[in-house]
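Structural description and commentary
Residues per chain are reported as follows:
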Amino acid sequence: MKNKHGHNPFKNAEITEDATEKETETSENTKEDDVKETASDSEKNDFDKLKEDFDNLNNQYLRLAADFDNYRKRQETERENLLKFGTENALKKMIEVLDNFERGKKSLEGIEDCQKVKDSFDMIHKQVIDALSKLGLEEIKAEGEEFDPNFHDAIMRTPTTEYPENTVIKELQKGYKMGDKVLRPTLVNVATEG
């Protein structure tokens, strides 16, 4: 359809519709790109946050591992020092005993009196016991006590009516402990029903 000038009035309308459709498409594409950019920015921000959290946790782990390694080394050094110090103190106490053994040996060279030898031996024996007691050594009581497998090792059982059953009737070798820890159980003979 043409107007009096010979132009089609709907032609411009078609162009306008095409332009509007193109603008709408461009606008929709821009919105999609904005959504993509927003999604991409959001994912990037999430990734950056996760990376930062990971880096922080990794650094904390590395510091903790280093602290633990330092603690372990300190404990090992302290343990070695304690053992060294304990051994040093024990040796110092035993040196005094060794000195007395040497003095006793020299003094016994020209002596024929057995009582003096016995007295010297008893004195040194007492000094050894005192030195070890100061280090925490305790003798385990046995004879006349009820048999206790935690402290006694029964290597003999003797039937008897003189003692109640399970009583230690003879100590065959002394046992020792330090605090609650048994260093060596006492070897004993235990009474059984006779």
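Refer to the preceding data block for the structure.
Within each chain, residue numbers correspond to sequence positions counted from 1 in written order. The model is predicted, so local features are restricted to residues of pLDDT at least 70 and side-chain atom pairs to those at 80 or more, both for listing and for counting; the totals for chains, interfaces and linings are taken over all residues. Heavy atoms from the whole structure form the basis of all side-chain values; hydrogens and water molecules are not counted.

Things to note about the layout of surface pockets
Every definition here rests on a 1 Å grid over the protein atoms only: cavities are sets of points where a 1.4 Å probe fits but cannot get out, pockets are open sets enclosed by protein on both sides within 12 Å along at least five of seven lines, and lining residues have some atom within 4 Å of a point. Grid points are joined across faces, edges and corners, and a volume is the space filled by probe spheres set on the points. Volume-wise, the largest pocket comes out at about 220 Å³. Along its surface, the largest pocket is lined by His125, Val128, Ile129, Leu132, Ser133, Leu137, Glu138, Glu139, Lys174 and Tyr176. Put simply, the parts of the chain that give the lining of the largest pocket at least two residues each are α2 (114-134) and β1 (137-139). Here the nonpolar group is Ala, Val, Leu, Ile, Met, Phe, Trp, Tyr, Cys and Pro; Asp, Glu, Lys and Arg are the charged ones; every other residue, Gly included, is treated as polar. Taken together, the residues that form the lining of the largest pocket break down as five nonpolar, two polar and three charged. Size it by volume and the second largest pocket reaches roughly 180 Å³. We count a stretch as a helix when DSSP gives it H or I for four or more residues in a row; a strand needs E for two or more, and each element gets its number in order from the N terminus. Element by element, the count of residues in the lining of the second largest pocket is highest for helix α1 (residues 9-107), at three residues. A per-class count over the lining of the second largest pocket returns six nonpolar, three polar and no charged.

Re the pattern of salt bridges
Salt bridges are defined by distance alone: a side-chain nitrogen of Lys or Arg within 4 Å of a carboxyl oxygen of Asp or Glu. As enumerated under the stated definition, the model contains 10 salt bridges in all. Arg72 serves as the salt-bridge partner of Asp69, at 2.6 Å between the closest nitrogen and oxygen. One end of the pair is Asp69 and the other is Arg72, both in helix α1 and three residues apart, which spans about a single turn. Only protein chains enter the accessibility calculation, which uses a 1.4 Å probe; a residue whose area is less than 20% of its type maximum is buried, one above 50% is exposed, and one in between is partly exposed. Owing to a relative accessible area of 39%, Arg72 belongs among the partly exposed residues under this scheme. Of the charged contacts, one joins Lys174 and Glu139 as a salt bridge, the two residues approaching to 3.0 Å between their closest N and O atoms. In this pair, Lys174 sits in the loop between β3 (168-173) and β4 (176-178) while Glu139 sits in strand β1, placing the two residues 35 residues apart along the sequence. Its relative accessible area of 33% is what places Lys174 among the partly exposed residues. In this structure, a network of salt bridges that share partners links the residues Asp69, Arg72, Lys73 and Glu76.

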